[in-house]
Amino acid sequence: MDPRAGITLRCSVCKSENYITTKNKRKHAERLEVKKYCHTCDKHTLHQEKK
């Protein structure tokens, strides 16, 4: 079975779901946090992995 799983990234400010990506859950069990551009806030904000 493939260890990569699809995840959704959510803006920590406005809570809008802006990005979809994949990650290897065997190697990286913790939640992903990345600074990315939010189209709703119109600025770069912290995006966290959705539960």
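What comes next is a walk through the structure. Remember, predicted model here, so these are calculated numbers, not experimental data.

### Some words on the packing of aromatic side chains
(1) Moving on: Applying the stated criterion across every chain yields a total of zero aromatic pairs.
(2) Moving on: Lying over the aromatic face of Y19, K36 brings its terminal NZ or CZ to 4.6 Å of the ring centre.

### Some thoughts on the environment of D42
(1) Moving on: Its place among the elements puts D42 in the loop between strand 3 (33–38) and strand 4 (43–49).
(2) Moving on: Separated by 2.3 Å, the side chains of D42 and Y37 make a polar contact.

### Thoughts on the sheet that holds strand 4
(1) Moving on: An order of 2-1-4-3 is seen for the four strands of this open sheet, with the pairing classed as antiparallel. Pairing within the sheet leaves two strands with one partner each, and these edge strands are strand 2 (17–24) and strand 3. Looking at each pair of strands side by side, their axes are set apart by 40° on average, direction ignored.
(2) Moving on: In terms of strand pairing, strand 3 meets strand 4 through six bridges, oriented antiparallel. Bridge pairing in strand 4 links Y37 to H44.

### Description of the side chain of T45
(1) Moving on: Mapped onto the fold, T45 is located in strand 4.
(2) Moving on: T45 sits in the buried class, given a relative accessible area of 6%.

### Quick look at the environment of K35
(1) Moving on: Note on placement: K35 falls in strand 3.
(2) Moving on: Separated by 10 residues in the primary sequence, K35 and T45 have C-alpha atoms spaced 5.4 Å apart.
(3) Moving on: Beyond its immediate stretch of four places on either side in the chain, K35 contacts T45 and L46.

Parameters at a glance
- Residues numbered from 1 in each chain as written.
- Predicted model: local features only at pLDDT ≥ 70, side-chain atom pairs only at ≥ 80, totals over all residues.
- Heavy atoms only, no water.
- Phe/Tyr/Trp six-rings, centres within 6.5 Å; stacked < 30°, edge-to-face > 60°.
- Lys NZ or Arg CZ within 6 Å of the ring centre and 35° of its normal.
- Helix = DSSP H or I, 4+ residues; strand = E, 2+ residues; numbered from the N terminus.
- Polar contact = N/O pair within 3.5 Å; in protein donor to acceptor, adjacent residues only side chain to side chain.
- Pairing = 2+ DSSP bridges.
- Axes fitted to C-alpha atoms, helices over the stretch in contact; angles between N-to-C directions.
- Buried < 20%, exposed > 50% of the residue type's maximum accessible area, 1.4 Å probe, protein only.
- Contact = heavy atoms within 4.5 Å.

Read these as layout, nothing more, since geometry by itself doesn't imply function.
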